[in-house]
Amino acid sequence: MNADSEKINVMVVDDDPCIRDSLQMILLGKYQVYTADCVNAAKAIVAEHAVDVILLDIEFPDNYSGLDAIEDFRALNALVQIIIISGY
């Protein structure tokens, strides 16, 4: 848990708004939830907030893989936990 609040900060990164919104509704209340529809938006959130856990889609448009973003997230926050999610 981060030192900024009592709640764990979770970010959902998925280009599908239905998945993103569903996960946010499930997590909201127990966790502080951030959402992003692409990796670039997610990196900006991680740079600004103490995100503890990222639920990261594996497939994004233009053949961009969530796996490619893991190193970028770790460079911004070495302690962030990343859980890969996929509809495939």
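Computed from a prediction, not measured in an experiment: that's the story for all the values here. (Residues numbered from 1 in each chain as written. Predicted model: local features only at pLDDT ≥ 70, side-chain atom pairs only at ≥ 80, totals over all residues. Heavy atoms only, no water.)

1. Section: the sheet that holds strand E3 (residues 53–57)
And step 1. Strand order in the open sheet formed by 4 strands is E2-E1-E3-E6, and the pairing between neighbours is parallel. With one partner strand each, in any of the chains shown, strand E2 (32–36) and strand E6 (81–85) form the two edges of the open sheet. The average angle at which neighbouring strand axes cross in this sheet is 20°, direction not considered.
And step 2. As defined by bridge partners, strand E1 (residues 9–13) adjoins E3 across 4 bridges and the pair is classed as parallel. Bridging from a neighbouring strand, Val 10 pairs with Val 53 of E3.
And step 3. Sitting on the sheet, helix H1 (residues 17–27) touches E1, E2, E3 and E6, and the angle it makes with E2 is about 175°.
And step 4. Across the sheet, helix H3 (residues 66–76) touches E1, E3 and E6, and the angle it forms with E6 is around 170°. (Pairing = 2+ DSSP bridges. Helix = DSSP H or I, 4+ residues; strand = E, 2+ residues; numbered from the N terminus. Axes fitted to C-alpha atoms, helices over the stretch in contact; angles between N-to-C directions. Contact = heavy atoms within 4.5 Å.)

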